[in-house]
Amino acid sequence: MAHQEGSERTVRAPEGQDDRALPVLPVRDTVLFPHAVLPLTVGRESSVQLINSLGDDKTIVVVAQREARIDAPQPSDLYTVGTLAVVHKVVKMPNQSLFVFAEGLERVRLAEFAQLSPFMRARVEPVPEAIPPKNSELEALQRNVLTLFQQIVAGSPTLSDELSTVAMNIEEAGRLVDFIASSLPSLSTPDKQDTLETMDVRVRLEKINQHLAKELEVQQLRNKIQSEVQDRVQQTQREYYLREQMKAIQKELGEQDEGARDTEELRQKIENAGMPDEVKKEALKELGRLSRMSPMAADYSVTRNYIEWLAVLPWAKTSGGEVDIVKAKEILDADHYDLKKVKDRILDYLSVRRLKPTMKGPILCFVGPPGVGKTSLGKSIARALGRKFVRLSLGGVHDEAEIRGHRRTYIGALPGQIIQGIRRAETKDPVFMLDEIDKVGRDFRGDPGSALLEALDPEQNTTFRDNYLDVTFDLSKVLFITTANMLDPIPEPLRDRMEIIELQGYTEEEKVHIAFQYLVPRQIEENGLTKDQIEFPEDVVSHIIRHYTREAGVRNLERNIGTVCRKQARRIAEGKTEKLVVTQEIVHEFLGGIKIRSEGEIAERTKSPGVVVGLAWTPSGGDILFVEAGRMKGKGGFTITGQIQDVMRESMQAAHSWVRANAKLLGIDEDFFANHDIHIHVPAGAIPKDGPSAGVTIATALISLLSGKPVRPLTAMTGEITLSGNVLPIGGVKEKVLAAKRAGVVDVILPAENKTNVEEDLTPEQLEKINVHYVKTIFDVLRVALPSSVREEKQDEAVREKVLTEQPVA
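Please read these numbers as outputs of a predicted model, since none were measured by experiment.

Caption draft 1: Inspection of the overall build of the chain at higher detail. What the chain contains, in helices and strands, is 29 helices and 24 strands. For 810 residues, the compact-globule estimate of 2.2 N^0.38 gives 28 Å, and the chain exceeds it by more than 25% at 53 Å. Principal axes of the C-alpha set define a box for the chain whose edges measure 170 × 65 × 60 Å. Surface exposure of the chain reaches about 40500 Å², of which carbon and sulfur atoms provide 49%.

Caption draft 2: A look at the packing of aromatic side chains. The tally for this structure, following the rule as stated, stands at seven aromatic pairs. With a centroid separation of 5.3 Å and 90° between ring planes, the pair formed by Phe99 and Phe101 is classed as edge-to-face. Owing to a relative accessible area of 29%, Phe101 belongs among the partly exposed residues under this scheme. For the pair Phe149 and Phe179, a centre-to-centre distance of 6.2 Å together with 75° between the ring planes defines the contact as edge-to-face. Residue Phe149 is located in helix H2 (residues 136-155), and its partner Phe179 is located in helix H4 (residues 173-183); the two are separated by 30 residues in the primary sequence.

Caption draft 3: Quick peek at the side chain of Asp77. Note that Asp77 resides in the loop between strand E3 (59-64) and strand E4 (81-92). Apart from residues no more than four positions distant in its own chain, Asp77 is found in contact with Gln65, Arg66, Glu67, Ile70 and Ala72.

Caption draft 4: Representation of the pairing of strand E6 (residues 121-126) within the structure. With two bridges joining them, strand E1 (residues 22-27) and E6 adopt antiparallel strand pairing. Residue pairing for E6: Pro23 is matched across the bridge by Arg121. In this structure, strand E5 (residues 98-115) lies alongside E6, joined through five bridges in antiparallel fashion. Within the sheet, the bridge partner assigned to Gln115 lies in E6 and is Arg121. Following E5, the chain reverses through five residues before pairing antiparallel with E6.

Caption draft 5: Spotlight on the sheet that holds strand E8 (residues 389-393). With respect to topology, five strands assemble into an open sheet ordered E8-E9-E12-E7-E13, the strand pairing being parallel. Each end of this open sheet is capped by a strand with a single partner; those strands are E8 and strand E13 (499-502). Averaged over all pairs of adjacent strands, the angle between strand axes in this sheet comes to 20°, irrespective of strand direction. The pairing of E8 with strand E9 (residues 431-435) spans five bridges and is parallel. Considered in E9, the bridge of Leu392 is made with Leu434. Sitting on the sheet, helix H13 (residues 374-385) is in contact with strand E7 (363-367), E8, E9 and strand E12 (479-484), with an inclination near 175° to E9.

Caption draft 6: Quick peek at the pattern of salt bridges. One pass over the structure, following the stated rule, counts 33 salt bridges. One salt bridge connects Glu67 with Arg69, and the closest N-O pair in it is separated by 3.3 Å. Residue classification places Glu67 among the partly exposed residues on the basis of a relative accessible area of 39%. Residue Asp438 is joined to Lys439 by a salt bridge in which the shortest nitrogen-to-oxygen separation is 3.3 Å.

Caption draft 7: Representation of helix H5 (residues 189-197) in the model. Within the span of H5, buried status applies to Thr189, Lys192, Gln193, Thr195 and Leu196. One side of H5 holds all its buried residues, which, seen down the axis, span an arc of 155°.

Caption draft 8: Representation of the nonpolar core in the model. Among the nonpolar cores identified, the biggest contains 64 residues, and Val61, Phe149 and Leu212 are the most heavily contacted of them. The element best represented in this core is H2, accounting for eight residues. Other than its neighbours up to four places away in sequence, Phe149 contacts Leu163, Ser164, Ala167, Phe179, Ile180, Ser183, Leu184 and Leu212. Within the second largest apolar cluster, 52 residues are counted, among which are Leu332, Ile346, Ile501 and Ile514.

Caption draft 9: Quick look at helix H19 (residues 538-548). Summarising burial for H19: eight of the 11 residues are buried, a large majority. Along H19, the positions that sit buried rather than exposed are Val540, Val541, Ser542, His543, Ile544, Ile545, His547 and Tyr548. Here the buried face of H19 lies against helix H18 (508-526), helix H20 (555-573) and helix H21 (584-591).

Caption draft 10: View of unusual backbone geometry. Cis geometry marks the peptide bond from Ser117 to Pro118; its omega dihedral reads 0°. Counting through the fold element by element, Pro118 comes out in the loop between E5 and E6. The phi torsion at His35 lies on the positive side, around 70°, for a residue other than glycine. Relative to the assigned elements, His35 resides in the loop between E1 and strand E2 (37-42). On the basis of relative accessibility, which here comes to 12%, the residue His35 falls in the buried class. One non-glycine residue, Glu436, lies in the positive phi region at around 55°. As for its position among the elements, Glu436 is in the loop between E9 and helix H16 (448-455). By relative accessible area, which is 24% here, Glu436 ends up partly exposed.

Caption draft 11: Quick peek at the side chain of Glu454. Within the secondary structure, Glu454 is located in helix H16. The class of Glu454 is buried, set by a relative accessible area of 16%. With near-sequence residues (within four places) excluded, Glu454 lies in contact with Arg404, Gln460, Asn461, Thr463, Phe464 and Arg465.

Caption draft 12: Summary view of the environment of Asp496. With respect to the element layout, Asp496 can be found in helix H17 (residues 492-496). In this structure Asp496 comes out as exposed when scored by relative accessible area, which is 62%. Asp496 sits 51 residues away from His547 along the chain, and the two C-alpha atoms are 40 Å apart.

Caption draft 13: Representation of the pairing of E12 in the model. Of all the six residues making up E12, six are buried; the element is thus mostly covered by neighbouring parts of the structure. Alternating residues of E12 divide into Leu479, Ile481 and Thr483 and Phe480, Thr482 and Ala484, and every residue in both groups is buried. As paired strands, E7 and E12 are joined by five bridges and run parallel to one another. Within E12, the residue paired with Ile363 across the bridge is Phe480. Here four bridges tie E9 to E12, and the two strands are oriented parallel to one another. Bridge pairing in E12 links Val431 to Leu479.

Caption draft 14: Highlighting the packing of helix H23 (residues 646-661) against helix H25 (residues 695-707). Relative orientation of the contacting elements H23 and H25 amounts to 40°, with a least axis distance of 8 Å. Accordingly, the angle class assigned to the pair H23 and H25 is oblique. Between H23 and H25 the crossing geometry is right-handed. Together, Ser651, Met652, Ala655, His656, Trp658 and Val659 of H23 and Gly695, Ile698, Ala699, Leu702, Ile703 and Leu706 of H25 make up the contact between the two elements. Taken together, the residues of the contact of H23 with H25 sort by class into nine nonpolar, three polar and no charged.

How each quantity is defined
Residues numbered from 1 in each chain as written. Predicted model: local features only at pLDDT ≥ 70, side-chain atom pairs only at ≥ 80, totals over all residues. Heavy atoms only, no water. Helix = DSSP H or I, 4+ residues; strand = E, 2+ residues; numbered from the N terminus. Rg over C-alpha atoms; globule rule 2.2 N^0.38 Å. Areas by Shrake-Rupley, 256 points an atom, 1.4 Å probe, with all protein chains shown as cover. Phe/Tyr/Trp six-rings, centres within 6.5 Å; stacked < 30°, edge-to-face > 60°. Buried < 20%, exposed > 50% of the residue type's maximum accessible area, 1.4 Å probe, protein only. Contact = heavy atoms within 4.5 Å. Pairing = 2+ DSSP bridges. Axes fitted to C-alpha atoms, helices over the stretch in contact; angles between N-to-C directions. Salt bridge = Lys/Arg side-chain N within 4 Å of Asp/Glu carboxyl O. Arc of directions from axis to C-beta. Core = buried A, V, L, I, M, F, W, Y, C linked by side-chain atoms within 4.5 Å. Parallel < 35°, antiparallel > 145°, perpendicular 65-115°, else oblique. Left-handed = near helix turned anticlockwise from the far one by under 90°. Nonpolar A, V, L, I, M, F, W, Y, C, P; charged D, E, K, R; others polar.

Structure follows, in structure tokens:
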């Protein structure tokens, strides 16, 4: 709204003017003050007629409407005080309206209306101003008003600086107030009308002073806000400033902010993810749903999480890079001792992959006793291949959804552990280890083992479909490695999909190698020691292996080495800083007395006839077991004890029947069985035992008992017996032979058909100091196991005494 200070002259109504009826021009949302020029757009038909009817006398009365919405105001709709004005210029607009410049002359009060149509005419009465006498208080008030106005003009970007100059040149207080009131755009129409109707100049000054003070405060606050925003703009990017403004606008509109930005970010992630076309189509479809959804909707977070999962998976990201086979071999050898079969299989895979980069990843299953390095071997393979390593323990997993995920309809649904592992790896071809696959359970929530069938089948896992994602993901590049202690609990269809690689237990020599290469350095470092503070001679490590551990792996060996290191760390902490060279005496002091006396125990327990050493396979490797036979007066009874399961019980009955059937050949009185009871016991009584491989052991125990000949010392045997006396092959040969060697056995009796297993699975180093005897019938067993002459009995007795002297049994 443009205003201009009028001329200095004061127009007074001539005598008798009060009797004239002047045209009344109602105006909306504005007030014309005396001495101000007001541009008006006249559009109402009655107002247009009013302007057009003006002749030489251009005098009119400009009055503000009480309600701006009323198009045809009546006298009651107008304020009673208006401004006498003269029309200076009329401009016709193209839309038939008029643009009028009117200059205010003086305040007038409407009296009676002489005409209402086509426009209003009314008689007016001049309203004299109450001008107070000039004094210092009034001058101070006037100066304060002028100063406030100048501050407002200076701080406002919309008000011209010329207004300050004009205001400074006005000396009359009343005119100053009128000028300021007409110039302030923030002053409402009722406030302007109130100023117009206030005749007392002092009161008018006080009112405008209040308005100006309030306006200045608002302006300062606005400038402060603007300044804060400016500071933020300087600290952050222009884009952030625009978003902040957009937030503020959306907040005022009652809309949620960031929705469009989030959608765009997700779209960018989807574009960059390298998804297959059908997955991308599904992701964009869900993104479209999300963009139309209110953030307050229940499904919003579910859909958003789903899209983020799709966008973050490594659909096209691989480890890349060629793998140097020689270097891979060096890494495998550096991390693990022996395990030749496994290393060869990995290097074969690398060689084929070099020739055919698109080949599918193999699915390997490492089976072996605890502590032989199955899990750590997986990490080593990942390092050799230059790939990420992901491990998932399946021990105790009962829920199928752990493998394949939950459907999105469930609250808190997530993808299965396979997809989560791929996300953690951030590549589509990691080494993925499924630990303890033989310990997967099943219950009412499903069978995880069956869910693994799809993931571990090279023909199916190219299109693995997780329940949560509900789109296919290619797992064919993943190198899956599973581990198990035993194969029996693994379902046959699952076992069929995996390439089984057996990791047998270690011999004493191999354990010594492993101890010096890995375990001793690691335990020295973990216990804060250095090589200069402790030393383990080879004979001491062998002593710990032989007499303080009986295991296929090396976990207990490492614990015992760690215990010795901790004792030395304590000695150093107590001030004894000299280097400790570990001896057998120090081992006894730190670890206690000898825990295992294998050779001595075998020699001691086999002194009596009827006690024979058998060989057994266990999930933790092989072990030896004693079979004891006893006889007493009776009526031909046959008792079996020691937690014997069905297969082993039948094997005992078969051995018993064969001995009775061949009593004459064996030199046993045929009436002996009618007058005596026989009892077979297999300690330890608390451990369940099963399997047919103890047949020859039981038969030998019975014959030893009935012939009165003790079995030769340091001899062990295994094999299944038939009623015709033949010895059939058994399984777990390597574990059983290594168990015999660990126990100090010298002579091992095996079925002849197991000779191939011995040659393939056992190295010459492992067979060192062991005599393997291959037998086809029980008579071959007896020739090896029992002394055939008095001279041989005396030799056996001498050997037994020598062993017991070296390793006395308490």
